[in-house]
Structure formats: C-alpha cells, structure tokens
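Descriptive analysis of the structure
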Amino acid sequence: MRKTKLTTLEEALKLVKDGCRIAIGGFQLASRPMTLLRTVMKNHVKNLTVISPPCGLDVDMLIAAGAVSKIVTSYVGGETIVGIGPVFRSAVEQNEVEVSELDTGMLIAALRAASEGLPCALWRGGIGTSITEVNPHVKTLTEPITGSTLLAVPALSADVALIHASLADEYGNIQHVSHLLLDRLIASASKKVIVEVEKVVSNEHIRANYWRTTIPNYMVEAVVHTPYGAHPTSSPGFYTADIKHLSQEYVPAANAWLKGDRQPLQEYLNKYVYEPKDHWEYLQTIGFRKLLSLGSVQVESG
Amino acid sequence: MSQDKPHWREVLASFISRQIHDNTVVAVGTALPVPRAGVLLAHFTHAPNTTIVLGPYACNLLPFKNIISFEFFADWRYSAYAEATIGIDEIMGRAGLFDVFFVSGLQVDKFGNVNLFGIRGEKGGYRLKGPGPIGVASLTANSRRFIIYLERHDRRTLVDRCDLVSAMGWCRDGLHRDELGLGGGPEYIITPLAVFSFDTPSREARLRYLMSGVSLEQVVSQTGFVFDYSNVEELQQPTGEELQVLRERVDPEGFLRQG
C-alpha cells in the first residue's frame, strides 16, 4: 500500500522546531509559502535560521513574530512597495538578528554545493566588492587550475524546506505552473521538504503530465492543501500579489515598528496570524471578494 | 499628445534606447522603470531581435500593441509575453549572456563602484541598511557591460568613495577590474541632470552629456567627486517617432511623465 503524504498543517509543521534551519521557496513577492509560515509563527517557534534567495515581506513578518535569530539571504523587502523590509532593517540596525548577506548568484551556488555534498562553491561575481568584509564566511582564494582569484562560498543546507507550489498528488509529486523559480534547488539542498499547494490532483493527472513534475515525490515529506495559501504574495498561474493588503495594512504597521511603535504590527499579527484558528478562517478574514479579485490581466495583441 | 515637451525621464529612456544593440539578450530590472522603458523603446524601433528578460521569462514583445506596467520582479503576468522561462539558477553565473544590465545604488563613486549594502555606522554595523546584495555582484560581473541609473543627483549619492561596494566598477583601492579577471564594466552613470562616461585613460567618470536646461555649475555643485568636463554635449531630445512609441506602446499610462 502506497503511503499518502497529504497531511494537516499541524502535523507537517511538527518538523519545524526551535533552532531549525529552514529554507523558504519563492522569490521576493512571488510564491512564498505563507500558510506554512503563518503556522510556524502561530506555533511560536524560536531561533530559526532562515535561508532564502531574495525574500519578500514574509521574512519581515517572521522577524516581527520573534521566530528568527539568523538570516542568510540577498534581499528582504517589498520591491517598489517598500525597498527594504522595515522590521528587517530595524532588526539589522539594532543587531537583533544575525544576517549573512550573499549575492543571489552566490546563494544559488551555495545551495547547489550543499545538494552535491561539497563544502563550498566557487564563484567569480563579487570579486573586488565588499562581500568578504560584509560576510566573513565568504573567502577569497586562488584556484589551482588556472590560478585565478575566486570567491569560496560555504555550502548552504537546511533541515526543512518550506515551499508553495501549484499542484500535487497525495504521494507528494509536485508541479509548478508558469515558473518554479528556485524551488527545486531549495528542495535539493534541504533534508526534508514540506509543500503547500493550490490544488490536490489525482495521481493519474500527474502521470498524464509527468514531464511537468518539478519536485518528485521521493524528495517530499509532506503535502498540505492550502488554496490561496501564498496570500498576500502571488501564486504563479493562480493569483497576483495582494499589493493593497501589503501596502495599506502590512507596510504602515511595519514602518511604525521601525520608528519604535510595535503595537500596530502586533495587531496585524493578531488579526492575520494568531487569531484565525485555521487556514480557512484566515481566508474568511481576508474575504472572498478580495481573494477572487486577485486575478490576471488581459493582454491585447495586435 | 506627442507635441508635448519631453519629460526628462523620456529623454533618458531615449538615450538608453540608443545604447541597446539588436540581436542581444537584455535583462530589465522591474524596479527601474526608465531603463525598462528605454529597452522596450529599442525593442520596438531598432532592436526587434532582442530577447527581453522580464523577471524569470525570456520575452519578445513585438506582437503586443502596448505593454502593461508591472512593478514586481517575479510577477507571473509577464508570462503573457514569454517564449521561454529562464532558470534563475542558470543565468546568475552565465558570463556574457546579458549584453547590458542596469543597476541603481545608495552610493556611486567616480570609478563606477556601486553600494547597495548600506551606510556604515561608527561601530562597524549599519547606520542605514540598504536593500542588500540582491544579484548585483554576479550580474554586473557577468554582463558585457552595465549602466548605472540614478533617480537623484546629489553629493550623498555621487561620492568620492563608497562606504561599501556591491558592484565592482573600473577600479577600487588601486586594483583594476581586469586585474581581477572581471569582464565588462560600467559604461555610463545616468542621472536626471547628466550622463557620465568612463572613456578616459584613468577610467574615472567624465561628464559627457548635460540634460537640456541644466548648467555645468549645477552638476559640479551637486556631485561629490571631481570630474573632467572638457568635452560636454547637450543630451539629444527624443525624436517624434521615439516619443510616439514611448507614449503609445511602452508607457501608455504615463508613469514616466509624473513628477
């Protein structure tokens, strides 16, 4: 009898404990595993090391919730909504979290090195910059083949990867619509992988489209069904980021935090993270009118 | 509409357009609307065979009458223009893939070094934390050239020496770019007032073009490094055709003309 990997948020997130190294999928405001992260915050997990390529405001929220002690990333922010995550900025300027800054290329090379069992990655872009000063874990070396100067970036592995994807079957075969961003690489560099998905489909559906499987089931520990789970970030092929929510509700509260008033963001977290008793209640709090309006755009061709 | 006097952003978009070559691959950062407009203007005029990389998608936009303005890197609506997806993990180290890459900064110095890390405080931490490294170190090292684009021109931004360096310019602390095995390099610094180039023996920035109506004195007083201004021309105005393409196809919502 084949084992089902479809489970509940509570069950899946028993894997994320205090002090874990978690890797987060998605890219900036796209495809962040928000429902998994809201559950992590709700569980009051502490001292996480967060590894992620350019982060959106999800990591800003995680810091505000007190879940993070270390971040390895190339960016935390909301692009044009807010150039840098206000809570992240405040935490860095006040030395409340440790940040290991890496250029996205270095971070990718470091994840790949971990997935290949290598101690470090070699990288050229960043030679001559302040990266070795800003991040002392990155070293300069002369490689022995041609004698050129390169950077050595320590391999980056995680205990658990948290990923948002489009489709899965109950056995944990994962498919992404439109773009998988860096999710497969992030999964490859992690010991265990939890995936939240928009839709659960039949195994026959996966088999009929097997070339679209982006993360095969042997890499996946648990699958959770969370429609609109990436809200307020986007889910490729399903909905766009909820810019109004981020810019009118999250960012003002986070900016107040940066100025020393932590109350508004505490209220935001109460309303959207701690009080909803499950994912469905979160969606109810956001409201179906709002959710269904996060659509795509018609493009005029001529 | 096309009779209106061009906005300075439209002048810069047209300058950028003239730097784009046909049959190349160009990545357009979405948080930089003017470079994006310049690249699309080139695509719709003299560079129809250019592959435009929008977020993680390889696009050709010729079949489309006008282009929706997106602000976010990984907005999947770009896929409407896509012919392929681009593996982010495949391009960061691909030397020479991109012909040109655009970058902005908190600080830029006379050798084209760019700082996005932040401004140092007295105790070695950050007094002002910047956006971080993003992908700038890799992409400026691997593109055939890069262009520095700033939406402001002041002594806080254009400095003699950057506190920290995210993208290596032509020279830093006496060490030259080619001594480090880096290709490419910064080609221009573009600001609302002027354009600097690096075509000097020392690779120090020199003033190359002035925006119409801007005086040399203004640029000197608002720039934090000393520069050569012995051969300066006025920045060329967009042609009627360029303005029409900009306003009807590239920027129908008029974002470039605001402010």
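Just so we're clear, the structure is a prediction, and the values are computed from it rather than from any experiment. (Residues numbered from 1 in each chain as written. Chains lettered and ligands numbered in written order. Predicted model: local features only at pLDDT ≥ 70, side-chain atom pairs only at ≥ 80, totals over all residues.)

Here we take up the overall build of chain A. Regarding its fold elements, chain A presents 12 helices and 12 strands. For chain A, the C-alpha radius of gyration of 19 Å lies close to 19 Å, the compact-globule estimate for 302 residues. For chain A, the spread of C-alpha atoms along the three principal axes comes to 60 × 55 × 55 Å. Every one of the 302 residues in chain A was classed for burial, and the buried ones make up 54%. Partitioning the intrachain contacts of chain A with sequence separation of at least 6 by distance along the chain shows that 73% fall at a separation of at least 24. (Helix = DSSP H or I, 4+ residues; strand = E, 2+ residues; numbered from the N terminus. Rg over C-alpha atoms; globule rule 2.2 N^0.38 Å. Buried ≥ 20, exposed ≤ 12 C-beta atoms within 10 Å, placed from the backbone. Contact = placed C-beta atoms within 7 Å.)

A word on the confidence of the model for chain B. The predicted structure's coordinates, where accompanied by low pLDDT, should not be read in detail. This prediction gives chain B a mean pLDDT of 93; 98% of its residues lie at or above 70. For this predicted complex, the interface confidence comes out at an ipTM of 0.93, alongside a pTM of 0.95. (pLDDT = per-residue confidence, 0-100.)

Among soluble globular proteins, nonpolar side chains are generally buried collectively. Core analysis: the biggest nonpolar cluster contains 177 residues, and Ala110(A), Val153(A), Val195(A), Ile148(B) and Ile190(B) have the highest contact counts within it. Residue assignment places this core across two domains, with domain 1 (9-118 + 156-202 + 214-293) and domain 2 (120-154) of chain A each supplying three or more. (Core = buried A, V, L, I, M, F, W, Y, C linked by C-beta atoms within 7 Å. Domains from an automatic or database assignment.)

Moving on, we get to the interface of chain B and chain A. The interface is formed by 47 residues belonging to chain B together with 50 residues belonging to chain A. Elements represented by at least two residues in the side of chain B that touches chain A include exactly helix H3 (88-91), strand S9 (126-129) and helix H4 (136-142) of chain B. Ranked by the residues each element gives to the side of chain B that touches chain A, the list is headed by H4(B), at 5 residues. Considered class by class, the residues forming the side of chain B that touches chain A number 27 nonpolar, 12 polar and 8 charged. (Nonpolar A, V, L, I, M, F, W, Y, C, P; charged D, E, K, R; others polar.)

Attention now goes to the domain arrangement of chain A. Residue and element names in this part refer to chain A. In terms of domain boundaries, chain A breaks down into domain 1 (9-118 + 156-202 + 214-293) and domain 2 (120-154). Averaged C-alpha coordinates put domain 1 and domain 2 at centres separated by 29 Å. Listed by partner, the interface residues are 12 residues for domain 1 and 12 residues for domain 2. Of all elements in the fold, only strand S4 (98-101) and helix H5 (104-115) reach the threshold of two or more residues within the side of domain 1 that touches domain 2. The greatest single-element share of the side of domain 1 that touches domain 2, amounting to 6 residues, is contributed by H5. Considering only residue class, the side of domain 1 that touches domain 2 consists of 7 nonpolar, 2 polar and 3 charged.

This brings us to the environment of Tyr272(A). All names here are of chain A. Inspection of the secondary structure puts Tyr272 in helix H10 (residues 263-274). What makes Tyr272 buried here is the crowd of 21 C-beta atoms within 10 Å. Spatially, the C-alpha atoms of Tyr272 and Val16 are 20 Å apart, while their sequence positions differ by 256 residues. Among residues more than four places away in sequence, those in contact with Tyr272 are Tyr282 and Thr285.

For the rest of this paragraph, the subject is helix H3 (residues 57-64) of chain A. Of all 8 residues in H3(A), 8 are buried, a share of seventy percent or more. Positive phi appears at Gly66(A), one or two residues downstream of H3(A), with a value of about 80 degrees.

Packed helix pairs are specified by the crossing angle of their axes together with the interaxial distance, meaning the distance between the axes. Residue and element names in this part refer to chain A. Across the interface, helix H9 (residues 243-258) lies against H10 with an axial gap of 7 Å and an inter-helix angle of 140 degrees. Taken as axis vectors, H9 and H10 run oblique relative to one another. Residue-level contacts link Glu249, Tyr250, Pro252, Ala253, Ala254, Ala256 and Trp257 of H9 to Pro264, Leu265 and Tyr268 of H10. (Axes fitted to C-alpha atoms, helices over the stretch in contact; angles between N-to-C directions. Parallel < 35°, antiparallel > 145°, perpendicular 65-115°, else oblique.)

Residues and elements named next belong to chain A. Looking at where Leu283 falls in the secondary structure, it is placed in helix H11 (residues 279-286). Leu283 sits 52 residues away from His231 along the chain, and the two C-alpha atoms are 8.8 Å apart. Residues in contact with Leu283, not counting those within four places in the same chain, are Tyr228 and Leu291.

Turning our eyes to something else, we now look at the pairing of strand S10 (residues 190-200) of chain A. Residue and element names in this part refer to chain A. The pairing of strand S8 (residues 158-168) with S10 spans 9 bridges and is parallel. The residue bridging His164 from the neighbouring strand is Glu196, located in S10. Inspection of the sheet shows S10 paired to strand S12 (residues 222-225) by 4 bridges, in the parallel sense. Paired with Val195 across the two strands is Val223, which belongs to S12. (Pairing = 2+ DSSP bridges.)

Next up on the list: the confidence of the model for chain A. Residues at a pLDDT of 70 or more form 98% of chain A, whose mean pLDDT is 96. Predicted confidence for residues 298-302 of chain A stays below pLDDT 50, and this span has 9 contacts to residues more than four positions away or in other chains.

Our focus in this paragraph is the sheet that holds strand S6 (residues 139-142) of chain A. All names here are of chain A. The 3 strands lie next to each other as S5-S7-S6, forming an open sheet whose pairing is antiparallel. On the outer flanks of this sheet lie strand S5 (120-123) and S6, each paired with one strand and no other. Each strand axis lies, on average, 40 degrees off the axis of its neighbour in the sheet, ignoring direction. Alignment of S5 against strand S7 (residues 149-154), held across 4 bridges, turns out to be antiparallel. Within S7, the residue paired with Trp123 across the bridge is Leu151. With respect to the sheet, H5 is in contact with S5 and S7, its orientation differing from that of S5 by roughly 140 degrees.

A word on the pairing of strand S13 (residues 186-190) of chain B. Regular strands have side chains that alternate between both faces of the sheet. Residues and elements named next belong to chain B. For S13, the tally of buried residues reaches 4 of 5 residues, placing the bulk of the element in the interior. Of the strand pairs in this sheet, strand S10 (residues 145-149) and S13 are connected by 4 bridges, and their pairing is parallel. Directly across from Ile147, in S13, lies its bridge partner Tyr188. Where S13 folds back on strand S14 (residues 194-197), the antiparallel hairpin that results is connected by 3 residues.

Turning our attention to the packing of helix H1 (residues 8-17) of chain B against helix H2 (residues 33-44) of chain B. All names here are of chain B. Following both chains from N to C, one finds H1 and H2 inclined at 50 degrees, their axes separated by 7 Å at the closest point. Between H1 and H2, the crossing angle belongs to the class labelled oblique. For the pair H1 and H2, the crossing hand works out as right-handed. Of the residues in H2, those in contact with Arg9, Leu12, Ala13, Ser14, Ile16 and Ser17 of H1 are Val34, Pro35, Ala37, Gly38, Val39, Leu41 and Ala42. (Left-handed = near helix turned anticlockwise from the far one by under 90°.)

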